[in-house]
Amino acid sequence: MTEFDEYNYCLSQIDILKEKYDTDWMVFIKLHPSVKNPENFIKVSKNVINVSNYADTQELEAVADIIITDYSSLMFEGLEINKPVILYMRDYDDYVKNN
């Protein structure tokens, strides 16, 4: 399973959560700028929008209710503007095991 398969699995759960909790969720996903052709990696739906090519990350942060990120400096920017931040650490077990 690739990293993008894991992301897509997580994103597929949005529709399930939306129905279970009867809420409106919209997920903007922005891949690292070094990822070429990000549209080839993320499966979009009516609740998942790939904003990887959107230039202004600060505008995206401003409209977000919550920020889910990996080890990006985005975590600090989110905290600076008082947004809840969740760290997605897909390699946490490896990190703990090897450090």
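Rules used in this analysis
Residues numbered from 1 in each chain as written. Predicted model: local features only at pLDDT ≥ 70, side-chain atom pairs only at ≥ 80, totals over all residues. Heavy atoms only, no water. Core = buried A, V, L, I, M, F, W, Y, C linked by side-chain atoms within 4.5 Å. Buried < 20%, exposed > 50% of the residue type's maximum accessible area, 1.4 Å probe, protein only. Contact = heavy atoms within 4.5 Å. Helix = DSSP H or I, 4+ residues; strand = E, 2+ residues; numbered from the N terminus. Lys, Arg positive; Asp, Glu negative; His and termini not counted. Salt bridge = Lys/Arg side-chain N within 4 Å of Asp/Glu carboxyl O. Patch = residues over 30% accessible without salt bridge, like charges linked within 9 Å, V, L, I, M, F, W, Y side chains within 5 Å. Areas by Shrake-Rupley, 256 points an atom, 1.4 Å probe, with all protein chains shown as cover. Charge placed at Lys NZ, Arg CZ, Asp CG, Glu CD. pLDDT = per-residue confidence, 0-100. Polar contact = N/O pair within 3.5 Å; in protein donor to acceptor, adjacent residues only side chain to side chain.

Trainee: A description of the nonpolar core should follow, citing residues and the corresponding values.
Mentor: Counting 9 residues, the largest nonpolar core consists of F4, Y7, L11, I14, V27, I29, L31, I42 and V48. With near-sequence residues (within four places) excluded, V48 lies in contact with L11, V27, I29 and K43.

Trainee: Pulling in residues and values, what's your account of the environment of M89?
Mentor: Tracing the backbone through its elements, the reader meets M89 in the loop between β4 (85–87) and α4 (92–98). Here M89 falls in the partly exposed class, since its relative accessible area comes to 34%. Through-space distance from the C-alpha of M89 to that of N8 is 15 Å; in sequence the pair is 81 residues apart.

Trainee: Go over the side chain of E61, please, and point to the residues and values.
Mentor: By the element assignment, E61 lies in helix α2 (residues 57–63). Buried and unpaired, E61 has no salt bridge, with K83 as the nearest side chain of opposite charge at 9.3 Å.

Trainee: Requested: an account of a negative patch on the surface, with residues and values cited.
Mentor: Residues E3, D70, D91, D93 and D94 make up a contiguous surface patch of negative charge. Checked against the element boundaries, D70 lands in the loop between β3 (67–69) and α3 (74–80).

Trainee: Now, about a nonpolar patch on the surface: what can you tell me, with residues and values included?
Mentor: Side chains of Y71, L87, M89, Y92, Y95 and V96 sit close together on the surface and give an oily, nonpolar patch of about 600 Å² of accessible area. In terms of residue count, α4 provides more of the nonpolar patch than any other element does, 3 residues in total. Here Y92 is to be found in helix α4.

Trainee: Got a sec to walk through unusual backbone geometry? Specific residues and values, please.
Mentor: Phi at N82 is positive, roughly 65°, even though this residue is not glycine. Counting through the fold element by element, N82 comes out in the loop between α3 and β4.

Trainee: An account of the confidence of the model for the protein is needed here, citing residue identities and associated values.
Mentor: Predicted confidence across the protein gives a mean pLDDT of 84, with 99% of residues reaching 70 or more. Mean pLDDT across the elements of the protein ranges from a minimum in helix α1 (residues 3–21), with 75, to a maximum in α2, with 93.

Trainee: Got a sec to walk through the side chain of S52? Specific residues and values, please.
Mentor: Within the secondary structure, S52 is located in the loop between β2 (48–50) and α2. Polar contacts involving the side chain of S52 include one to the side chain of N50, which spans 2.6 Å. When residues no more than four places from it in sequence are discounted, the contact partners of S52 are I29, K30, L31 and P38.

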